[in-house]
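The residues making up each chain are set out below.
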Amino acid sequence: MIAWAALIALPVVATVLFQRMSIVMALCLTMMGGYLFLPVGLGLNLPKLPTLDKTTITTLTVLVLTALAASHPYAQKYVLPGWLPRNLVVRLLLLALVCGVFGTVMTNRDTLVYGTRVLRGHTFYDAGSMLMSTLLILGPLFLGRKVLSSRAAQLTFLKVWVVFALGYSLLALWEVRMSPLLHLQIYGYFPSSFAQQMRASGFRPVVFLGHGLAVSLFFAMSTLAAAGLFRVTKGPDRWKWLAAVGWFFVVLVLSKSLGALLITLVLLPLILFFNTRMQMIAAVCIAGSILTYPTLRSANLVPVDQVLAFAASIGSTRAGSFQLRLENEERLLEKAERRPIFGWGGWGRSRVYTDAGFNITITDGSWVIELGYGGWFRYIGIFGLLCWPIIALFLWKRKKIDQVSVCLILLICAKLVDLIPNSIIGPITWLMAGALIGLLERPSEESAPDTEAVQNPGRQQAFDRHSGQAPQYARSFPKAPPKEVPLGPEVSEESPRSPLPYNRKGTDGGYRR
């Protein structure tokens, strides 16, 4: 009951945030709060429609509220026009995803029979559901592109991330000591296997993310985000971000995830000690490797034997887990290569079964899941949208890209590396990818909005009123002639025509619209 109440309450809370805060701050708070605190594994299954769970409800809510808020002339100063990305390659990647959905349905209309197990073929009705699911997954990408493309908006996003992570770390430390029971105690059920959260005579924190590995990666990325804020902040305040780096690193070690710890140990020195050029070179290498990973794996160019030997040096349990993961990936990759263009579709059709119908594979890595589900069309579409902005920024804007944007790039790289052994990309990753896509559309010489103005819309509106400058993306309105308005108690501070608190009393006694 409490879990359903939390899902229902999110649109109400989000509406209040969008009315009282700037569009950037409201979007960051809603997306981050929904991702971190709503229940996992609970949703409303509608016929022929995507499941309404924490991700889809949060995405739909923010899309509607952002569309309403972005239509206001003031908010248009900080958002890009339109919803469809203008970059040609990004549009082609989106087209590949849409075409891939219909191609997957058309090539998987046959029924698969494995002993007593019968997997039905896809129908044209499935195409609509699959297409809507794909668009909902990409919803945060469109939001990030529209709202978080400026430096100030990206800086606000990083600060919101770190502040949320500081509060989340207290919950994680409680579960490290007391066992991961917060989701069970608050929402009434445990979202995953409890045995998988026991590690090294202790517990992995789960909190409200469904699995301890997701929590560990969140604190790994939080460590990188705090390090990025340390690099871009001037004055004595920068040391508080460095203290946050140390705090998050301690929480990460206590979270007991070797993969997330190794990602942090590689990328953290890169953020702290190297310039943006070296950071971008490393990011492009990671993005290129992930984009071509299935080909590299098929050609035996991935050093899996060396990684297995390293895992064995740590412990037999680690080596056994990694060996099992490799065997499953090889089986799934072999089956995916039978239908490489459009994949096998859903309903478990991409898995490997015995003649008796028993499933002998465990799907872990997101790369092999997407490749088996939709073939190369879906793989290039999904991972291309994550990797292409990194490559494009390096090719055309590497000399003028800001450290804040480079921090977002390295956060995406951390997630890309994690998607090799683990699954679920998550809305926050798509939000950051959208921010980088929006950055591609902004001219290099464009000056970023003031950070305080993004967080305090009233301050920037007062500046625009006195300077007489129109917002960059604002619509042009004819200026009304000056008129005398009696000053008295009947004069309200806000215009009754706008539900958003952006209109303020003008210097001539009139009201701006």
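Residues numbered from 1 in each chain as written. Predicted model: local features only at pLDDT ≥ 70, side-chain atom pairs only at ≥ 80, totals over all residues. Heavy atoms only, no water.

Chemist: Which parts of the structure should I look at to understand the packing of aromatic side chains?
Modeler: Aromatic ring pairs: the centre-centre distance and the angle between the two ring planes describe each pair. Per the stated rule, a full pass over the model turns up 16 aromatic pairs. Site record: aromatic cluster; members linked through ring pairs are Phe 37, Phe 157, Trp 161, Phe 164, Tyr 168, Tyr 187, Phe 208, Phe 218, Phe 219 and Phe 248. Above the ring of Trp 239, the side-chain terminus of Arg 238 is found at 5.5 Å from the ring centroid. The residue whose ring lies beneath Lys 335 is Trp 344, and the NZ or CZ to ring-centre distance is 4.7 Å. (Phe/Tyr/Trp six-rings, centres within 6.5 Å; stacked < 30°, edge-to-face > 60°. Lys NZ or Arg CZ within 6 Å of the ring centre and 35° of its normal.)

Chemist: What is the right way to look at the confidence of the model for the protein chain in this model?
Modeler: Caution applies to low-pLDDT parts of the model: their predicted coordinates are not meant to be read in detail. The predicted model of the protein chain has a mean per-residue pLDDT of 83, with 86% of residues at 70 or higher. In the predicted structure, residues 445-479 sits below a pLDDT of 50 and forms 65 contacts with residues beyond four places in sequence or in another chain. Below a pLDDT of 50 lies the segment residues 482-513, which in the model reaches 52 contacts outside its immediate sequence neighbourhood of four places, other chains included. (pLDDT = per-residue confidence, 0-100. Contact = heavy atoms within 4.5 Å.)

Chemist: Sorry, what's going on with the pattern of salt bridges here?
Modeler: Oppositely charged side chains are able to pair whenever their charged atoms sit close together. What the rule picks out here adds up to nine salt bridges. Linking Glu 441 and Arg 145 is a salt bridge whose minimum nitrogen-to-oxygen distance equals 2.8 Å. You can see Glu 441 sitting in helix H18 (residues 427-441) and its partner Arg 145 sitting in helix H6 (residues 139-147), a full 296 residues away along the chain. Note on accessibility: Glu 441 and Arg 145 belong to one class, buried. Each of the salt bridges in this network shares a partner with another, and the network as a whole consists of Asp 110, Arg 339 and Arg 349. (Salt bridge = Lys/Arg side-chain N within 4 Å of Asp/Glu carboxyl O. Helix = DSSP H or I, 4+ residues; strand = E, 2+ residues; numbered from the N terminus. Buried < 20%, exposed > 50% of the residue type's maximum accessible area, 1.4 Å probe, protein only.)

Chemist: Help me out: how do you make sense of helix H17 (residues 403-418) in this one?
Modeler: In an α-helix, one turn spans 3.6 residues; hence positions three or four apart end up facing the same way. In this model, H17 (16 residues) spans 23 Å end to end at C-alpha, consistent with the 22 Å of a helix rising 1.5 Å per residue. Among the 16 residues in H17, 15 count as buried, and that is most of the element. Measuring from the backbone nitrogen of Val 404 back to the side-chain oxygen at the start of H17 gives 2.8 Å, which picks out Asp 402 as the cap. (Expected span 1.5 Å × (residues − 1). Polar contact = N/O pair within 3.5 Å; in protein donor to acceptor, adjacent residues only side chain to side chain.)

Chemist: Help me out: how do you make sense of the nonpolar core in this one?
Modeler: Considering soluble globular proteins, one finds that nonpolar side chains tend to be buried as a cluster. Ranked by size, the top nonpolar core spans 132 residues in total, and within it Leu 148, Phe 157, Trp 161 and Ile 390 carry the most contacts. Ranked by residue count, the leading element in this core is helix H16 (residues 366-396), at 15 residues. Not counting residues up to four positions away in its chain, the partners in contact with Ile 390 are Met 280, Ala 283, Val 284, Ala 287, Ile 409, Ile 412, Cys 413, Leu 416 and Leu 436. (Core = buried A, V, L, I, M, F, W, Y, C linked by side-chain atoms within 4.5 Å.)

Chemist: What is the right way to look at the state of the cysteines in this model?
Modeler: What we call a disulfide is simply a covalent bond connecting the sulfur atoms of a pair of cysteines. Counted according to the given criterion, the structure contains zero disulfides. Between Cys 413, a cysteine without a disulfide, and Cys 387, which holds the nearest cysteine sulfur, the sulfur-to-sulfur distance is 7.8 Å. (Disulfide = S-S within 2.5 Å.)

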